Structure formats: C-alpha cells, structure tokens
Amino acid sequence: AVPRTRILATGGASHNKKILQVLSDVFNAPVFTINTANSACLGSAYRAIHGLVAERNVSLADVVKLAPEPSLAVTPTPGAEEV
C-alpha cells in the first residue's frame, strides 16, 4: 500500500494554525510540526551525518529516523477536497 501523504511544516508559519489548516485542506493531508528553533540547521545537520556514514551504505532515511517525532497539528476539514 502507498503511504498516505503527510506534510511536515517548519519555520515561523508553522506556529500559525490557520495557515496550517489551509495547507491541510488544500492538499487533503494531515500537517505535522516539529519543535525546533531552526529547521534549516537541523536539516543540514542530518545531511552532514548522512555524509559521514554514506560510505557504510546508510541511507538518509535511516539517518532521519533519529529525528524527533513530529506532532500532529491539524487534519483536513471534512469535505474540503470537494471545494
């Protein structure tokens, strides 16, 4: 089965529930957030770790499994996909 789409929102706008709700309704997918001050730096750090372990055939997906679990912020409004 194909996994259902989910959105991970980061940055300043991720603190605005109304913006997250619009994203959720437009893409008909739940929106998750992570509690981090600087998501760009976090992403860069995971890529750096991946670079260090790449010669051992460790995938980026395996490296990112170390990340904190995102929290569900909003779900699509019922019927929004019909609009």
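Residues numbered from 1 in each chain as written. Predicted model: local features only at pLDDT ≥ 70, side-chain atom pairs only at ≥ 80, totals over all residues. Heavy atoms only, no water.

The protein carries the name XYLB kinase in an unreviewed UniProt entry, which gives Catharus fuscescens as its organism.

Caption draft 1: Focus on the packing of aromatic side chains. Under the defined criterion, the tally for this structure stands at zero aromatic pairs. In this structure, Arg 6 packs its charged tip against the face of Phe 32, placed 4.7 Å from the ring centre. (Phe/Tyr/Trp six-rings, centres within 6.5 Å; stacked < 30°, edge-to-face > 60°. Lys NZ or Arg CZ within 6 Å of the ring centre and 35° of its normal.)

Caption draft 2: Spatial organisation of unusual backbone geometry. With phi around 50 degrees, Asn 28 is a residue other than glycine that occupies positive phi space. Inspection of the secondary structure assignment puts Asn 28 in the loop between helix H1 (17–27) and strand E2 (31–33). Here the phi dihedral of Asn 57 falls at roughly 60 degrees; this positive angle occurs in a residue that is not glycine. Tracing the backbone through its elements, the reader meets Asn 57 in the loop between helix H2 (39–53) and helix H3 (60–64). (Helix = DSSP H or I, 4+ residues; strand = E, 2+ residues; numbered from the N terminus.)

Caption draft 3: Representation of H1 in the model. One side-chain oxygen of the residue at the start of H1 lies 3.0 Å from the amide nitrogen of Lys 18, identifying that residue as Asn 16. Remark: Asn 28 follows H1 within two positions and exhibits a positive phi of approximately 50 degrees. (Polar contact = N/O pair within 3.5 Å; in protein donor to acceptor, adjacent residues only side chain to side chain.)

Caption draft 4: Highlighting the layout of surface pockets. Size it by volume and the largest pocket reaches roughly 270 Å³. When residues of the lining of the largest pocket are assigned to their parent elements, the largest contribution, four residues, is made by H2. Residue classes in the lining of the largest pocket are distributed as eight nonpolar, three polar and two charged. (1 Å grid on protein atoms, 1.4 Å probe; cavity = no way out; pocket = protein on both sides within 12 Å on 5 of 7 lines; lining within 4 Å. Points joined across faces, edges and corners; volume = space filled by probe spheres on them. Nonpolar A, V, L, I, M, F, W, Y, C, P; charged D, E, K, R; others polar.)

Caption draft 5: Looking closely at the environment of Thr 5. Considering the arrangement of structural elements, one finds Thr 5 in the segment before strand E1 (7–9). As a C-alpha pair, Thr 5 and Val 26 span 21 residues in sequence and 12 Å in three-dimensional space. Once residues within four sequence positions are removed from consideration, Thr 5 is found in contact with Ala 29 and Pro 30. (Contact = heavy atoms within 4.5 Å.)

Caption draft 6: Representation of the sheet that holds strand E3 (residues 71–74) in the model. Reading across from one edge, E1-E2-E3 is the order of the three strands in this open sheet, with mixed pairing throughout. Each having just a single partner strand, E1 and E3 make up the two edges of the open sheet. The mean inter-strand angle of the sheet, taken between neighbouring strand axes irrespective of direction, is 45 degrees. Where E2 lies against E3, three bridges are found, and the strand directions are antiparallel. Bridging across to E3, Phe 32 finds its partner in Leu 72. Strands E1, E2 and E3 of the sheet are contacted by H1, whose axis makes an angle of about 85 degrees with E3. (Pairing = 2+ DSSP bridges. Axes fitted to C-alpha atoms, helices over the stretch in contact; angles between N-to-C directions.)

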